[in-house]
Structure formats: structure tokens, C-alpha cells
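Structural overview
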Amino acid sequence: MEKDQTLLDEDAIRRTLTRISHEMIEKNKGMSNCILLGIQTRGHPLAERLSANIKRIEGIDLPVGSIDITLYRDDLEKKQEEPEIHELDLPETIEGKKIILVDDVLYTGRTVRAAMDVLMDRGRPSQIQLAVLVDRGHRELPIRADYVGKNVPTSRSELIRVNLTDNDGVDKVSIIQ
């Protein structure tokens, strides 16, 4: 029997993304020379929301793109089904830019490592930062987020489910037992 406990509702997600937006602006002393790149699938709508917040706060139209790490996964040969490939959507060159990767959940760090590999194959950013809605622990690689919405210690048997209106019709983060 699956037990579902809500960690963040729609209002909590909105407040969390507003806080992260302010943290980004403060850490980067403004947002010039920055690009937000959402890791497919749910990182991209989160990046769009962060960009909208930054526009509202600073009046800056921050470039937003998406990044698909499918072909860079280190477990690709273990997957049975054919991977679905999405195009890399870079709003402009990443050369010399501060890239802020955005994802929904940080777990082992392997997705982020793959995203950094994709970026390095496309150019040389001046810096890469990471923003995540939820950090659930259990890192296998030495990767940490610069901006974290919520730290949720989990067991390996638990699952964090992120639902976003853009993909799922509702904004909600749950832990599944």
C-alpha cells in the first residue's frame, strides 16, 4: 500500500521559488550574465517560474532554456526501453556565462553530473550553479545545490514525487512510502 504525504502544496511551492529567486539575485549581485537551464522534465517549468519571479523583482528578462541529459546518463545501457530524446534548448551561447541548472529533486547527483557533461560539450561557462526544489540526500557524487527549496531526509525506499501544473495539472510535492 502506497502512503502519500504532502510536503509542499501550491502556496508553499510558490513561496519557495520566490525565496530561491531572491537568493539567486543576492548571490549573483543581480542576474546579469546568467542563464537558467531547466533539466528535463520538471526542471524546465521551475526555471520558467524562477525567471518570471526575477523579472517581477528585478525587471530583468532572464534567458531560460532546457537541457536533456538522456544520452549522457551513466545507466543508459541498463534501460530496456528506447530513450525519448529532447533537443537541447539554449537561449544563447553559454560561453563565459553563469549557468544556473534547475531541477526538481536532487538525489544521487548523477543527473546533475550528466547535465554538466552536456554543458561542457557545448562550451565553457564561467560558472555553473544548481537550484533544486527538493534535496533528499543520498549523494553518490560530490555534488551539492547552491539553492535548495526544502531538505527532506529520506530512506532509499521512499520516493519524492513532484507534480507541477505544467506537466501534471497540480502543484504538489509528496513523499511516497
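Scroll up to find the structure.
Scoring rules and cut-offs
- Residues numbered from 1 in each chain as written.
- Predicted model: local features only at pLDDT ≥ 70, side-chain atom pairs only at ≥ 80, totals over all residues.
- Heavy atoms only, no water.
- Pairing = 2+ DSSP bridges.
- Helix = DSSP H or I, 4+ residues; strand = E, 2+ residues; numbered from the N terminus.
- Axes fitted to C-alpha atoms, helices over the stretch in contact; angles between N-to-C directions.
- Contact = heavy atoms within 4.5 Å.
- Core = buried A, V, L, I, M, F, W, Y, C linked by side-chain atoms within 4.5 Å.
- Buried < 20%, exposed > 50% of the residue type's maximum accessible area, 1.4 Å probe, protein only.

Some points on the sheet that holds strand β7 (residues 159-163)
The strand order across the open sheet built from three strands is β1-β8-β7, with neighbouring strands paired in antiparallel fashion. Either end of the sheet is taken by a strand with one partner, and the two such strands are β1 (4-8) and β7. When the angles between neighbouring strand axes are averaged without regard to direction, this sheet yields 30°. Inspection of the sheet shows β7 paired to strand β8 (residues 172-176) by five bridges, in the antiparallel sense. The partner of Ile160 across the bridge, within β8, is Ile175. The sheet strands contacting helix α1 (residues 10-27) are β1 and β8, and the helix crosses β1 at an angle near 35°.

Describing the nonpolar core
Core analysis: the biggest nonpolar cluster contains 29 residues, and Met24 and Leu36 have the highest contact counts within it. Among the elements of the structure, α1, β2 (34-39), α2 (43-58), β4 (98-106), β5 (127-135), β7 and β8 are those that each provide at least two residues to this core. Top contributing element to this core by residue count: α1, with six residues. If we skip the residues at most four places from it in the chain, Met24 touches Gly30, Met31, Leu36, Leu50, Ile54, Ile100, Ala131 and Tyr147. Leu37, Ile69, Leu106 and Ile143 belong to the second-largest nonpolar core, a separate cluster that totals 19 residues.

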